[in-house]
Amino acid sequence: MKIIHLISGGDVGGAKTHVLSLLQGLGRTEQVRLVCFLEGPFAQEARELGIDTVVIASNHVFRIARDLAAEIRGEGYEVVHCHGSRANLIGTLLHRQVAVPVVTTVHSDYRLDYLGRPFHRLTYGLINSFCLRRLPYHIGVSNAMAQLLISRGFDPQTMFSIYNGVNFSDIRHSVERDAYFESVGLSAGPDSVVFGIAAWLRPVKDVGTLIRGFALAARRCPSARLLIAGDGEQAAELKKLAASLCPAGTVCFAGWVTDMDSFYHAIDVNTLTSLSETFPYALTEGARHGCATIASRVGGVPDLIEDGVTGLLFPPQDAEALAEHICTLVRDRALLSRLGRALFEKARRDFSEEATVEKQKEIYRVLIRRAQRPRGRRDGVLICGAYGKGNAGDDSILEAIIGQMRRIDPDMPLYVLTRTPMATKLRYGIGAAYTFDIPKFLHIMRHTRLYLNGGGSLIQDVTSTRSLRYYLASIRWAKKTGNRVLMYGCGIGPVNKPSNRRRAARVISRCVDAITLREDSSRDELSSMGVSGPEITVTADPALLLTPAAPQQVDGWFLQNGLDPHQAYVLLVLRPWQGYEEKAPAFAQAAAELCRRHGLKPVFLALEPGRDLPACRMAAEAVGSAPPVLSVPNDGRLIVGILGRMHLVVSMRLHALIFAAAAGTPVVGAVYDPKVQAFLDYLGQKAYLALEDVTSSSLLRIMEDALEQGARSAADVARLRALAAENEAAARRLLEESK
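Residues numbered from 1 in each chain as written. Predicted model: local features only at pLDDT ≥ 70, side-chain atom pairs only at ≥ 80, totals over all residues. Heavy atoms only, no water.

A. Up close: the overall build of the protein chain. The helix and strand tally for the protein chain stands at 29 helices and 26 strands. Relative to the globule expectation of 27 Å for 739 residues, the C-alpha radius of gyration of the protein chain, 29 Å, shows essentially globular dimensions. In terms of principal-axis extent, the alpha carbons of the protein chain reach across some 80 × 65 × 40 Å. With the model as given, the accessible surface of the protein chain reaches about 29,700 Å², and the carbon-plus-sulfur share is 51%. Computing the positive centroid from 86 side-chain charges and the negative centroid from 76, the protein chain places the two 8 Å apart. (Helix = DSSP H or I, 4+ residues; strand = E, 2+ residues; numbered from the N terminus. Rg over C-alpha atoms; globule rule 2.2 N^0.38 Å. Areas by Shrake-Rupley, 256 points an atom, 1.4 Å probe, with all protein chains shown as cover. Lys, Arg positive; Asp, Glu negative; His and termini not counted. Charge placed at Lys NZ, Arg CZ, Asp CG, Glu CD.)

Structure representation (structure tokens):
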């Protein structure tokens, strides 16, 4: 690939490090040129690193854009990559002149870049905001920065994220700890715990909160010390603040530091108190040296720092919370050491320079593919279901469907109808429209090729006739606007009213091209309704294709919720339903007795927290041992990973049974709805009983039988996943036919 990068050339700090390390890594396999708009240390350092560097020292932006456009066309560059406000201005002009993708990396919150400098904010800040909106592709330095841009109206389907990578293979400290402290003037003994920060002394870094928090902690923990490396417009103000609040001799300002390896090698705890960050180099630099870390919960920081697992987080500007963390690490050296080791392992695994370079190359490949995609033709898939209503089961179906569509075509536009469009955009990075915004979704339908009605039991009138009419109307509209229509991995029924059955049969027969079902009983329901015409296949629920999250991520969830990842648990997933209140004590008694007999500690999980938490608490309170009651995480793969760690899952909710089946965990169903029994019958799993038949003894007997039978075999799980994959095959075929 041939890539041209544009940057002002006056950059410092994280942006400078990111660009130079990225270009050096890219240059090993790709043809890369760096264009700076002023001569200086940045361009000189780039040349010293072997990067092909050109300086265009001119203020005539239109002339620069014209000349660069000629160079891009003449030399066959495939991507233009911008960094910073001036480069974004040039990139905006180039976007109109060249037929190659133009992308910008957003290194920081553009609304805060000129905090404290009102003139620059009104000039450079406004120009940059204008240009960012007109560039076709954006890369956020962290998922959090990408999500911030999406929340401000940027298109999630043209958004990417990347992380600042760090070189873990070249760590050199020239000065040992005691000698380093002596060189900067910090008085620290063998028992001192030294907290350090390396940052620009500017308002956005909020070093004042660090000083105030440290002052509170130092009164309780006299062995604490604070070393501040950096310079900036707040230097004098912060020195005065430290002198007035902190005990004498506990704080040292080292000024601008160049030997960062020696700095991080010397300190015990790396700190960051910023009001806004993308993904700060300071954290990964500290991680290289195994420093424990305390950081404000902002931007992409939580992507690296898992609270209590790889570090400690606190709300920005909360000096008291910061002081508590400081005291915790001063008093618990074992915790300090454990957090440092865990952070080092995570950063080395996920945030190396090599990982960053490979991610950037993959982004370029995506941009180049998309530039070659035919324009002016219908493209993409619109997905409709019961999404955005706070039900982890339904939302995980969507996650699985998106994964299947991406396997068909990773560059294909995807849209979903949801109750929470912005949350859906942020979570999945796809287009979204409000479920009942008819003009908007009709506009989308006129441009897509496939309408996918799927996930869950949409064609039923138990909930209400209105929902059934909505889904049938959307199927009809999709067909009229030129889409192929696929009912995808769904359950059917029950549809009880005769008029609803006739209406559903008529619409499905006339407007649906193919149907994939998650169990045999749904096919029987369609047949009894008189549906004819669509090709019908029994497959399996799409959520069965979700793979478990990484073991470290699952461990983190357990630890964050105060659970031992290695303990044996029985998980109970309960929900409110008619007659449940009478049965809650039976669930509690059976769980308590199972714990007594087999050592499985009960945990209650709310799959739809807004509705299920009271039901879970009702049963948990009756257990007597105060078992934890938790809300499900907002991540389908993590849910599968969690259920995979359980020794037994007892559930009223269908999708907890599906997730457990995907993980091979033994299950027991409490049947309140025919779809729960239908799924378990389809699995060949008879460990269930009707909710009205639940007693502590009957439930305990089935739970013990399920434990004795043990986990589903790998072959059974593979069979289910193969059936679920057939949904994807149906979608692929219809998309091919619609070309």
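B. Molecular detail of the state of the cysteines. For the coordinates displayed, the defined rule picks out zero disulfides. Looking at the unpaired C82, the closest cysteine sulfur is the one in C131, lying at 9.4 Å. The thiol sulfur of C291 is not disulfide-bonded, and the nearest other cysteine sulfur, from C252, lies at 17 Å. (Disulfide = S-S within 2.5 Å.)

C. Inspection of a positive patch on the surface at higher detail. Taken together, the side chains of R476, K480, R502, R506 and R510 make up a positively charged region of the molecular surface. The set of elements that each furnish at least two residues to the positive patch consists of α19 (465-480) and α20 (498-511). It is α20 that provides the largest number of residues to the positive patch, a total of three residues. When you line up the elements, R506 lands in helix α20. (Patch = residues over 30% accessible without salt bridge, like charges linked within 9 Å, V, L, I, M, F, W, Y side chains within 5 Å. Salt bridge = Lys/Arg side-chain N within 4 Å of Asp/Glu carboxyl O.)

D. Molecular detail of the environment of L657. When you line up the elements, L657 lands in helix α26 (residues 654-663). Look at L657 and you get buried, because its relative accessible area is 0%. Counting along the chain gives 11 residues from L657 to V668, while the straight-line C-alpha distance between them is 7.9 Å. Not counting residues up to four positions away in its chain, the partners in contact with L657 are S651, V667, V668, G669, V676, F679 and L680. (Buried < 20%, exposed > 50% of the residue type's maximum accessible area, 1.4 Å probe, protein only. Contact = heavy atoms within 4.5 Å.)

E. Highlighting the sheet that holds strand β25 (residues 667-671). Ordered in space as β23-β22-β21-β24-β25-β26, the six strands form an open sheet in which the pairing is parallel. Strands with a single pairing partner mark the edges of an open sheet, and in this sheet they are β23 (629-631) and β26 (688-690). If you compare each strand with its neighbour and ignore which way they point, the axes differ by 20° on average. The sheet contact formed by strand β24 (residues 648-651) and β25 spans three bridges and is parallel. Residue pairing for β25: S651 is matched across the bridge by G669. (Pairing = 2+ DSSP bridges. Axes fitted to C-alpha atoms, helices over the stretch in contact; angles between N-to-C directions.)

F. Representation of the packing of helix α25 (residues 636-645) against α26. Here α25 crosses α26 at 70°, and the two axes come no closer than 8 Å. By the angle class used here, α25 and α26 are roughly perpendicular. For the pair α25 and α26, contact is made by I639, V640, L643 and G644 and by A656, F659, A660 and A663, respectively. Considering only residue class, the contact of α25 with α26 consists of seven nonpolar, one polar and no charged. (Parallel < 35°, antiparallel > 145°, perpendicular 65-115°, else oblique. Nonpolar A, V, L, I, M, F, W, Y, C, P; charged D, E, K, R; others polar.)

G. Main features of empty space enclosed by the protein. This model, assessed by the stated rule, comprises one cavity of 30 Å³ or more. Of the pockets and cavities examined, the largest cavity occupies roughly 40 Å³. Forming the boundary of the largest cavity are H18, S21, L22, N164, G165, Y281, E353, T356 and V357. Elements supplying a minimum of two residues to the lining of the largest cavity: α1 (13-26) and α15 (353-371). Class assignment of the residues belonging to the lining of the largest cavity gives a composition of three nonpolar, five polar and one charged. (1 Å grid on protein atoms, 1.4 Å probe; cavity = no way out; pocket = protein on both sides within 12 Å on 5 of 7 lines; lining within 4 Å. Points joined across faces, edges and corners; volume = space filled by probe spheres on them.)

H. Structural detail: the pairing of strand β4 (residues 79-83). Counting buried positions over the five residues of β4 gives five, a clear majority of the element. Of the two faces of β4, the one carrying V79, H81 and H83 and the one carrying V80 and C82 are both buried. Strand direction decides the pairing type here: strand β1 (residues 2-7) and β4, joined by five bridges, are parallel. Among the inter-strand pairings, H5 is bridged to a residue of β4, identified as H81. Two elements, β4 and strand β5 (residues 102-106), share four bridges in a ladder whose sense is parallel. Paired with V80 across the bridge in β5 is V102. Handedness of the crossover joining β4 and β5 through helix α4 (residues 85-95) is recorded here as right-handed. (Right-handed = clockwise from strand over helix to strand, strands pointing away.)

I. Just helix α24 (residues 609-623), in detail. Relative to the 21 Å expected for 15 residues at 1.5 Å per residue, α24 spans 20 Å between its end C-alpha atoms, a close match to the ideal helical length. Turning to α24, its buried residues number three or more, namely D612, L613, A615, C616, A619, A620 and V623. On the buried face of α24, the contacting elements are α23 (580-598), β22 (601-606) and β23. One or two residues past the end of α24 sits G624, with phi positive at roughly 100°. (Expected span 1.5 Å × (residues − 1).)

J. Quick peek at unusual backbone geometry. At the junction of G493 and P494, the peptide bond is cis and its omega measures out at 0° in the coordinates. Within the element layout of this structure, P494 appears in the loop between β18 (484-492) and α20. Even without glycine at this site, Q317 takes up a positive phi of about 70°. Relative to the assigned elements, Q317 resides in the loop between β13 (312-314) and α13 (319-331). Judged by its relative accessible area of 55%, Q317 is exposed. With phi around 50°, A626 is a residue other than glycine that occupies positive phi space. The residue A626 is located in the loop between α24 and β23 in this model. The exposed category is assigned to A626, whose relative accessible area is 68%.

K. Spotlight on the sheet that holds β4. Across the sheet, seven strands lie side by side as β3-β2-β1-β4-β5-β6-β7; this open sheet has parallel pairing. Looking at strand neighbours, the two that pair on one side only are β3 (52-55) and β7 (159-162), the edges of this open sheet. Between one strand axis and the next, the sheet turns through 25° on average, direction left out of account. Sheet strands in contact with helix α2 (residues 41-48) are β1, β2 (31-36) and β3, and its direction is about 155° off that of β3. Contacting β5, β6 (137-141) and β7, helix α6 (residues 143-151) runs over the sheet at an angle of about 155° to β7.

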